[in-house]
Amino acid sequence: DTVKYRSADYCYRLYYVDFFNEEHYLATGCTRIPNAVITKAHPYPNPFQDKTTIEVFLEDNVMLTATVYDLKGKEMEKLRDEKGDFIAGIEASVGKHIYEFQAGEFASQGLYDVIFIAYPIEDPSIEISRAVVKLQLIR
């Protein structure tokens, strides 16, 4: 399900219609949609053997960092963009971006977290966005 608006409440209602065509409401819930800019962060392939590509969609211009952590929380490395530059406070524009994670030859098999943090630069009403991508390395 997608929501077109940011910084809004997305409300839904659960109900049923009985045999007499009467509506019975069971529950109503609301979820706040944050005013965030990372709308999608998707790895492929995942699980992977040596390298994987992460596709990230941004809704605004931001300063972006991307760091890889192991399951113990130890920082492994910063991700690199298509030019080979580290993603550590780089300016990223609106749209789709592709980043690559190359597991080193001594990287152990297991799970890794890639944490993207986007800091807004043009619009102060936008919140700092975070996206966590789970990766599985298979050797």
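About the criteria used
- Residues numbered from 1 in each chain as written.
- Predicted model: local features only at pLDDT ≥ 70, side-chain atom pairs only at ≥ 80, totals over all residues.
- Heavy atoms only, no water.
- Pairing = 2+ DSSP bridges.
- Helix = DSSP H or I, 4+ residues; strand = E, 2+ residues; numbered from the N terminus.
- Axes fitted to C-alpha atoms, helices over the stretch in contact; angles between N-to-C directions.
- Contact = heavy atoms within 4.5 Å.
- Patch = residues over 30% accessible without salt bridge, like charges linked within 9 Å, V, L, I, M, F, W, Y side chains within 5 Å.
- Areas by Shrake-Rupley, 256 points an atom, 1.4 Å probe, with all protein chains shown as cover.
- Salt bridge = Lys/Arg side-chain N within 4 Å of Asp/Glu carboxyl O.
- Buried < 20%, exposed > 50% of the residue type's maximum accessible area, 1.4 Å probe, protein only.
- Phe/Tyr/Trp six-rings, centres within 6.5 Å; stacked < 30°, edge-to-face > 60°.

Notes on the sheet that holds strand 4 (residues 51-58)
One key point about sheets: their strands pair by backbone hydrogen bonds, in either a parallel or an antiparallel sense. Read across the open sheet, the three strands follow the order 3-4-8; overall the sheet is antiparallel. Each edge of the sheet is formed by a strand with only one pairing partner; in this case those strands are strand 3 (38-44) and strand 8 (95-102). Adjacent strand axes in the sheet meet at a mean angle of 20 degrees when their direction is disregarded. Pairing of strand 3 with strand 4, which is carried by six bridges, proceeds in the antiparallel orientation. Paired with proline 43 across the bridge in strand 4 is isoleucine 54.

Quick word on the environment of glycine 110
Here glycine 110 is to be found in strand 9 (residues 110-120). In the structure, glycine 110 is positioned 26 residues away from glutamine 136 in sequence and 5.6 Å away in space, judged by C-alpha atoms. Contact partners of glycine 110, with chain neighbours within four places excluded, come to Leu135, Gln136 and Leu137.

Some thoughts on a nonpolar patch on the surface
A cluster of nonpolar side chains, namely Leu14, Tyr16 and Leu26, defines an oily patch on the protein surface of about 320 Å² accessible area. Among the structural elements, tyrosine 16 can be located in strand 1 (residues 8-17). Residue classification places tyrosine 16 among the partly exposed residues on the basis of a relative accessible area of 41%.

Thoughts on the packing of aromatic side chains
Taken as a whole and judged by the stated rule, the model has four aromatic pairs. Here the aromatic rings of tyrosine 99 and phenylalanine 116 are separated by 6.1 Å at their centres, their planes lie at 40 degrees, and the arrangement is tilted. Of this pair, tyrosine 99 sits in strand 8 while phenylalanine 116 sits in strand 9, and the two are 17 residues apart along the sequence. Judged by its relative accessible area of 3%, tyrosine 99 is buried. The structure contains a cluster of three or more aromatic residues connected by ring pairs, namely Phe48, Phe101 and Tyr112.

Considerations on unusual backbone geometry
Across the junction of tyrosine 44 and proline 45, the peptide omega takes the value -10 degrees, indicating a cis bond. In this structure, proline 45 sits in the loop between strand 3 and strand 4. A cis geometry characterises the amide bond from asparagine 46 onward to proline 47, with omega recorded as 5 degrees. Residue position: proline 47 is located in the loop between strand 3 and strand 4. For asparagine 21, which is not glycine, the phi torsion reads 65 degrees and is therefore positive. You can see asparagine 21 is positioned in the loop between strand 1 and strand 2 (23-33).

Remember, this is a structural readout, not a statement about activity or role.
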